[in-house]
Amino acid sequence: MAEGSLDIDVLKGKLGVEWEPRSYPVESEMVRRFARAVGDPNPHWQEGAVPPTFVLAIGFEQFVDDLMSLAAFGTVLMGGTELEFYQPIKLGDVITVVFKITNLRERQGKMGNMVFTTFDSSYKNQKQETVANCRQMVIGY
Amino acid sequence: MGNEVTPLSKEPTTKQLVMWAGAVGDYIPIHYDKDFAQSRGLSGVIVHGQLVGAFLGQLVTDWIGEGGTLRKLSCSYKGMNYPGEAITCKGKVTKKYVEDGRHYVECSLWAENPKGEKTASGTAVVILPTRDSGD
């Protein structure tokens, strides 16, 4: 597809629509790997506590795969992240995440059309308690 | 007010970017493929914005310790960070208040590159234990 003619009609059709929920069990090695990747030596993350920002790891891969299948972005750049935490995630929790695109804005940039895509994600544990909400913005181009 | 959050220094390597990619499942190639990154108008591989966000999260959880609770964390990615370059995470207290018997502290947070430019900025809201509870 020629640059500047990015077709986002399919993406627009997803605006305001909740995506299929997906569930992920929180395992100790995932959490330890996350803390090592951050370079965060806090012993609590090795002893069963879960860093709040770990929610960023839940379902993100599938979200990006879906997003890239909805619009022919060459890449996406992260523009911002807003997180609210309601209670700590615990090892053994099964977290269900639901994504929803809440805003789309287009702007012409030097690399062609840039699509500012805001998306919300909510995270619930196996007791249906909301553990966190997140709003992020990615720039697709 | 204006109290400084204890700064946190990071210097992510390309290895750390690969570790982050694996840990969160972010396989967008601008974070590991230099040629691809340049084809997308970047000068080279860049640090994941969310990793900088996680650094700011660590800045706060280190600062508040086990007794504190992180309630909100926001971060806007304003500029690029490159692997091999220092990222210094800083913050300062902007507001303190009590609500429903809980002691809240709001902070502004930011990340600086080696030139002292803010590549990310944001805010945090934390709940700190009261003195009565042994703080």
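Given the structure is predicted, the values throughout are model-derived calculations rather than measurements.

### Structural notes on the interface of chain A and chain B
Across the contact, 30 residues belong to chain A and 31 residues belong to chain B. Going through the elements one at a time, α2 (28-38), α3 (60-70) and β2 (76-85) of chain A are the ones with two or more residues in the side of chain A that touches chain B. Of the residues forming the side of chain A that touches chain B, the biggest block, nine residues, is contributed by β2(A). Its residues assigned to classes, the side of chain A that touches chain B shows 14 nonpolar, nine polar and seven charged. Bridging between β2(A) and strand β2 (residues 69-77) of chain B involves five bridges; their strand directions are antiparallel. Directly across from A:Thr81, in β2(B), lies its bridge partner B:Cys75.

### Here we look at the nonpolar core
All names here are of chain B. Val52, Phe55, Leu56 and Leu59 are the most contacted members of the largest nonpolar core, which totals 68 residues. In terms of residues, this core owes the most to one element, helix α3 (residues 49-64), which gives eight residues. Beyond its immediate chain neighbours, meaning those up to four positions away, Leu59 contacts Val5, Leu8, Cys89, Gly91 and Leu109.

### Describing the pairing of strand β4 (residues 102-112) of chain B
Residue and element names in this part refer to chain B. Where strand β3 (residues 87-99) meets β4, 11 bridges bridge the pair, whose relative direction is antiparallel. Residue pairing for β4: Glu99 is matched across the bridge by Arg102. What sits between the antiparallel neighbours β3 and β4 is a turn of two residues, in which Asp100 has the positive phi angle 50°. For β4 and strand β5 (residues 118-128), the ladder comprises 10 bridges, and the chain directions are antiparallel. In the strand pairing of β5, Tyr104 is matched with Ile127. The turn linking β4 back onto β5 is made up of five residues, and Gly116 within it adopts a positive phi angle of 85°.

Analysis parameters
- Residues numbered from 1 in each chain as written.
- Chains lettered and ligands numbered in written order.
- Predicted model: local features only at pLDDT ≥ 70, side-chain atom pairs only at ≥ 80, totals over all residues.
- Contact = placed C-beta atoms within 7 Å.
- Helix = DSSP H or I, 4+ residues; strand = E, 2+ residues; numbered from the N terminus.
- Nonpolar A, V, L, I, M, F, W, Y, C, P; charged D, E, K, R; others polar.
- Pairing = 2+ DSSP bridges.
- Core = buried A, V, L, I, M, F, W, Y, C linked by C-beta atoms within 7 Å.
- Buried ≥ 20, exposed ≤ 12 C-beta atoms within 10 Å, placed from the backbone.

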